[in-house]
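Close look at the chain arrangement
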Amino acid sequence: MDRRDKHNYYLDIAQTVLERGTCLRRNYGSIIVNNDEIISTGYTGAPRGRKNCIDLNMCIREKFKVPRGTHYELCRSVHSEANAIISAARKNMIGATLYLVGKDCGTGKLVEDANSCAMCKRLIINSGIKQVIVRVSGDKYNIIDVEDWIREDDSLDMITGY
């Protein structure tokens with residue numbers, strides 16, 4: 001019997017978590033793991049007490065054909081990474097790994113180029129999470145070192161002067 005490797009084990013759990021998502025475009029599931037212990041989970045959905053897009057049967061970003069990766073301020077949802085981070089104590093996230101899986105609601109297929117948005121990247125950096133592992137397809141995944149995001153940002157600062 002083949003034993004499931006740990007990364008795919010945790011990605012499988014994140015993929016199950018995304019099924020709770022309430023977005024009509026793309027749902028994501030995140031879990032934060034430290035020392036082989038699940039610290040927190042999160043999925044895409046409206047803030048507590050607010051109606052979800054599935055309840056309203058409308059996505060404002062879809063209605064106005066807002067391109068992916070832009071104008072997140074129009075979205076009702078809190079991203080899965082943010083939901084996982086706000087549900088965990090920072091001391092438990094330092095050095096942790098965040099596992100991320102996304103699914104396109106229209107096709108039912110995994111989001112192959114899934115990645116955290118700029119806002120979630122900032123939250124992940126500040127939380128102390130050290131790596132993000134993203135399911136690409138099947139059992140394939142990408143491992144992202146959060147330090148790379150910091151270095152990329154430093155490079156951008158040098159180019160733009162900000």
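Our structure's up above, just so we're on the same page.
Bear in mind the structure is a predicted one, so any value in this text is a computation, not a measurement. (Residues numbered from 1 in each chain as written. Predicted model: local features only at pLDDT ≥ 70, side-chain atom pairs only at ≥ 80, totals over all residues. Heavy atoms only, no water.)

Comments concerning the pairing of strand S5 (residues 140-145)
Bridge count between strand S4 (residues 131-137) and S5: six bridges; the pairing is antiparallel. Of the residues in S5, the one forming a bridge with Val134 is Asn142. Counting the residues between successive antiparallel strands, the hairpin from S4 to S5 contains two residues, one of them, Gly138, with a positive phi of roughly 50°. (Pairing = 2+ DSSP bridges. Helix = DSSP H or I, 4+ residues; strand = E, 2+ residues; numbered from the N terminus.)

Side note on the environment of Arg48
You can see Arg48 is positioned in the loop between strand S2 (37-43) and helix H2 (53-56). Distance from Arg48 to Thr70, taken between C-alpha atoms, is 23 Å for residues 22 residues apart in sequence.

What about the sheet that holds S2?
Sheet strands pair by backbone hydrogen bonding; their relative direction is either parallel or antiparallel. Here we have five strands laid out as an open sheet, ordered S2-S1-S3-S4-S5, and mixed in their pairing. Edge strands, defined here as strands with exactly one partner in the open sheet, are S2 and S5. Direction aside, the axes of adjacent strands within the sheet are offset by 20° on average. Note: strand S3 (residues 97-104) against S4, four bridges, orientation parallel. Across the sheet, Tyr99 pairs through a bridge with Ile133, a residue of S4. Packed onto the sheet, helix H1 (residues 6-17) meets strand S1 (26-34), S2, S3, S4 and S5 and runs at close to 135° relative to S1. (Axes fitted to C-alpha atoms, helices over the stretch in contact; angles between N-to-C directions. Contact = heavy atoms within 4.5 Å.)

Considerations on the pattern of salt bridges
Using the criterion set out here, one finds eight salt bridges in the structure. The shortest N-O distance in the salt bridge between Asp139 and Arg4 comes to 2.9 Å. Remark: Arg4 occurs in the segment before H1 and Asp139 occurs in the loop between S4 and S5; sequence separation between them is 135 residues. In this structure, the salt-bridge partner of Asp104 is Arg26, at a minimum N-O distance of 3.9 Å. Taken together, the residues span a long stretch of sequence, with Asp104 in strand S3 and Arg26 in strand S1 at a distance of 78 residues. Taking relative accessible area as the criterion, Arg26 reaches 21% and is therefore assigned partly exposed. Each of the salt bridges in this network shares a partner with another, and the network as a whole consists of Arg4, Asp12, Arg135 and Asp139. (Salt bridge = Lys/Arg side-chain N within 4 Å of Asp/Glu carboxyl O. Buried < 20%, exposed > 50% of the residue type's maximum accessible area, 1.4 Å probe, protein only.)

What about unusual backbone geometry?
Here Asn57, not a glycine, exhibits a phi torsion of approximately 55°, which is positive. Exposure remark for Asn57: the relative accessible area of 64% places this residue in the exposed category. At Lys65, a position not held by glycine, the phi torsion is positive, near 50°.

Some details on the side chain of Ser127
With respect to the helices, strands and loops of the structure, Ser127 is situated in helix H6 (residues 118-127). Excluding residues that lie within four positions of it along the chain, Ser127 makes contacts with Ile85, Arg90, Met93 and Ile94.

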